[in-house]
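# Results of the structural survey
If you want the building blocks of each chain, they are given just below.
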Amino acid sequence: MDEARWICQRFAMVSPDTSTPPTDRRSEPRPVKPIGFTGSHLDRAGNPRRKPEWLAAQRARQDARFLLLRELKALVTITRKPAAIRWLDLAWADAHAALPCIFLGLDENDIPHFALDGDAAGGDDSVAGMHTETDKFIDVRSIAALLIPEEAAILAQARSVIDWHQRHRFCAQCGSQTEMAEAGYTRRCIGETCKAAHFPRTDPVVIMLAVHYDEKTGAEKVLLGRQGRMPPGMYSALAGFMEPGESIEEAVRREIMEESGVITGAVRYLVSQPWPFPSSLMIGCIAEALDDRITVDQDELEDAQWFTREQAMAMLERGKQRLAPTDPPPADNPQNEPWMPPPLSLAHQIAKRWLAGD
């Protein structure tokens, strides 16, 4: 028995079937309503993209498509419903060959897709000139809900990687300049004695609901909080960055305790979401509250309250009427009764799953 198969059996892992080639899953059905910024239909081609000759051939294809970002805003056609990425052709990309180019992936027809960093154009007005009445550079968070999920996911990928390149032009080990490598997913130090490789970072963030079960009544209630910078009436799940040497469960318990004073026990994972502002991974969880006493840390939260299932359901419905938290109050909630963030946010999706019994 070979070593790989022994390891799979020893640790109850599923051994890969080597008798048939792996299935290309890009054309398989996807969830009807995936979590915001997930569901991309592109194959990132992680192995072949490392080969310069393969990448150059993809970049030179006549059917290659290019997404242009300027100030981290994506070029989007806003006159369509739904709105859509304004993909540029090879001729436009070749005319702007100096722009940093990131490989995004291959679609189900193996057409290559790339992202271009328009900020490197300097005084070239042709990039800024792409902003017209029909095609506009728009903030990714603002436009995501108006795009099909697959394209919102592509914007998340492109924005995060380009933002990382803009922030990491110098080596953290020696201070020398770095240069792009491996299709945009590595930066290499050009220092003769260093040559360090740097990779895009993703910052894990736990976002969670603490749920308290009343043994006397059999009813559940959920803990939600709000910060002073939030729009009036908005309450959301508690959240915070994970710290080094900390498990997901430990981070969930710590953040809930720090912000609300509520002690929690069992923690279970629900769902995750990339959040490209600039490059977080939101890890959605449910925590069992062992106590319902709240002591708000005013440095963290303005308020925290327990809400019943019925109240939480109503808050989700009010949140659905806003594409973004900064939208004005809808006509049927002018007084800003408590509401949760709109469906693009993971807080909305966690609460929705909790209400559904997940």
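Structural notes, computed from the coordinates. (Residues numbered from 1 in each chain as written. Predicted model: local features only at pLDDT ≥ 70, side-chain atom pairs only at ≥ 80, totals over all residues. Heavy atoms only, no water.)

### Quick look at helix α2 (residues 52-59)
Buried within α2 are the following residues: L55, Q58 and R59. Take α2 and look down its axis: the buried residues cluster within an arc of 100°, on one side only. Packed against the buried residues of α2 are β1 (65-70), α3 (90-95), β4 (101-106) and β5 (112-117). (Buried < 20%, exposed > 50% of the residue type's maximum accessible area, 1.4 Å probe, protein only. Helix = DSSP H or I, 4+ residues; strand = E, 2+ residues; numbered from the N terminus. Arc of directions from axis to C-beta. Contact = heavy atoms within 4.5 Å.)

### Quick look at the sheet that holds strand β7 (residues 178-181)
Across the sheet, three strands lie side by side as β7-β8-β9; this open sheet has antiparallel pairing. Single-partner strands in this sheet number two, and they are β7 and β9 (197-198). In the sheet, strand β8 (residues 186-189) pairs with β9 via two bridges, with the strands oriented antiparallel. What sits directly across from R188, in β9, is A197. (Pairing = 2+ DSSP bridges.)

### Considerations on the side chain of R187
By the element assignment, R187 lies in strand β8. Buried charged residue R187 carries no salt bridge. Nearest counter-charge: E179, at 7.7 Å. Within the structure, R187 has its side chain in polar contact with the side chain of H165 (distance 2.8 Å). Within the structure, R187 has its side chain in polar contact with the backbone oxygen of H168 (distance 2.9 Å). When residues no more than four places from it in sequence are discounted, the contact partners of R187 are W164, H165, H168, R169, T178, E179, M180, A196, A197 and H198. (Lys, Arg positive; Asp, Glu negative; His and termini not counted. Salt bridge = Lys/Arg side-chain N within 4 Å of Asp/Glu carboxyl O. Polar contact = N/O pair within 3.5 Å; in protein donor to acceptor, adjacent residues only side chain to side chain.)

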